[in-house]
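Residues per chain, in single letters:
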Amino acid sequence: MSIELQDIRTSFIEAITETFENMAFMEVMLATEEDEDVKPEAMFFTRIPVYKPIQSMLGFMLSAEIAKSISQSILGRDIDIEEDEFEIMDVLNELSNIMAGALLTRLLPDEESFELGLPESRWIAQGEAGCDWTPEQEYHFRTDGQSIWGIWKS
Amino acid sequence: MRIVIADDSTTARMFIRQCLEIAGWPEAEYAEAANGREALQLLKQGTTDLLLTDLNMPTMDGRELVRRVTASPKLIGMPVVVITSSGNEARKQELIRLGANAVLRKPINPMKIAECLEGILGVEEET
């Protein structure tokens, strides 16, 4: 089956905004042309494989600062970036899992099931994400004056 | 009331538990498992009133857990709710056929879980 790129874009935007709003109570919006699209030197990179119906990968990249505020919002306590790295990655993994489900539910007809793999997160230096996976599509979002990049590869 | 929550994500387990507490089960005894195998071990230890499980877990996934739970004479009649991000209609029907009582799509919230459990348990919440 084929999925149109425009459908992915629309559904991706809806899925990421729904997920962050429901889980972290954060308003996430697609960036405008005026928003600066500059990635930090290092950031969290989270991805989840999709096995069915189309082998693909999706996820997001965000700064430590925004990962910290998301984790604090969800876990309801202060977070230290270094000491709580495992907890932050667990939060980001769960967000990617929910986002993937929200995206595929929108893209696929009800009678077609999909299969997700296990999510993974890591801390990367700029450009390192391309070592084993270069995103095909990247969507730039903004929340609280900061950026989140949604990524997809089919 | 004893509730077992199975999910490989500690964040998800915490979130589900918080939803249950807000939804009206703050006094329940909660036991948590990171996969289906751990959940089965917990289910063997005493009487459990409700199992909430994720689908996509390492070691033993939620589908296998539901299959084993519904095939076990000891666990017969125990309500099973699957909470998953892969909760479209096709997957829901498959899990219901396997024996799950309900399938909820993530993200959940206290209202969603309360409505589901009131229907399954046939009672109002504890508080």
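Residues numbered from 1 in each chain as written. Chains lettered and ligands numbered in written order. Predicted model: local features only at pLDDT ≥ 70, side-chain atom pairs only at ≥ 80, totals over all residues. Heavy atoms only, no water.

Q: Report on the nonpolar core, specifying residues and quantitative values.
A: By size, the foremost hydrophobic cluster in this structure holds 63 residues, and its most contacted members are L62 and I70 of chain A together with L20 and I113 of chain B. Examining the composition of this core, we find that 12 residues originate from one element, helix 3 (residues 85–107) of chain A, more than from any other. In contact with L62 of chain A, not counting residues within four places along its chain, are F20, M43, F44, A67, I70, L92, S147 and I148 of chain A. (Core = buried A, V, L, I, M, F, W, Y, C linked by side-chain atoms within 4.5 Å. Buried < 20%, exposed > 50% of the residue type's maximum accessible area, 1.4 Å probe, protein only. Helix = DSSP H or I, 4+ residues; strand = E, 2+ residues; numbered from the N terminus. Contact = heavy atoms within 4.5 Å.)

Q: Let's hear about the layout of surface pockets: which residues, and what values?
A: Approximately 200 Å³ is the volume attributed to the largest pocket. Residue lining of the largest pocket: 14 residues in total, with N22 and F25 of chain A together with F15, I108 and P110 of chain B positioned closest to the centre. For the lining of the largest pocket, the secondary-structure elements that each account for two or more residues are helix 1 (5–24) and helix 2 (64–75) of chain A together with helix 1 (10–23) and helix 5 (110–121) of chain B. The leading source of residues in the lining of the largest pocket is helix 1 of chain B, at 4 residues. Its residues assigned to classes, the lining of the largest pocket shows 9 nonpolar, 4 polar and 1 charged. (1 Å grid on protein atoms, 1.4 Å probe; cavity = no way out; pocket = protein on both sides within 12 Å on 5 of 7 lines; lining within 4 Å. Points joined across faces, edges and corners; volume = space filled by probe spheres on them. Nonpolar A, V, L, I, M, F, W, Y, C, P; charged D, E, K, R; others polar.)

Q: Give me the lowdown on empty space enclosed by the protein, citing residues and values where you can.
A: Inspection of every chain in the model, using the stated rule, returns 1 cavity of 30 Å³ or more. The volume enclosed by the largest cavity comes to roughly 50 Å³. Taken together, M23, E94 and I98 of chain A together with A12, F15, I16, K106, P107 and I108 of chain B make up the full set of residues lining the largest cavity. Looking at the lining of the largest cavity, the elements with two or more residues in it are helix 3 of chain A together with helix 1 of chain B.

Q: Lay out helix 3 (residues 62–71) of chain B in plain terms, naming residues and giving numbers.
A: All names here are of chain B. All of the buried residues along helix 3 are G62, R63, L65, V66 and V69. Angularly, the buried residues of helix 3 cover 160 degrees about the axis, an arc narrow enough to put them on a single face. Residues of helix 3 that are buried make contact with strand 1 (2–6), helix 2 (36–44), strand 3 (50–53), strand 4 (80–84) and helix 4 (89–98). With a side-chain oxygen lying 3.3 Å from the backbone nitrogen of R63, the N-terminal cap of helix 3 falls on D61. (Arc of directions from axis to C-beta. Polar contact = N/O pair within 3.5 Å; in protein donor to acceptor, adjacent residues only side chain to side chain.)

Take it as geometry only, folks, not as evidence of what the structure does.
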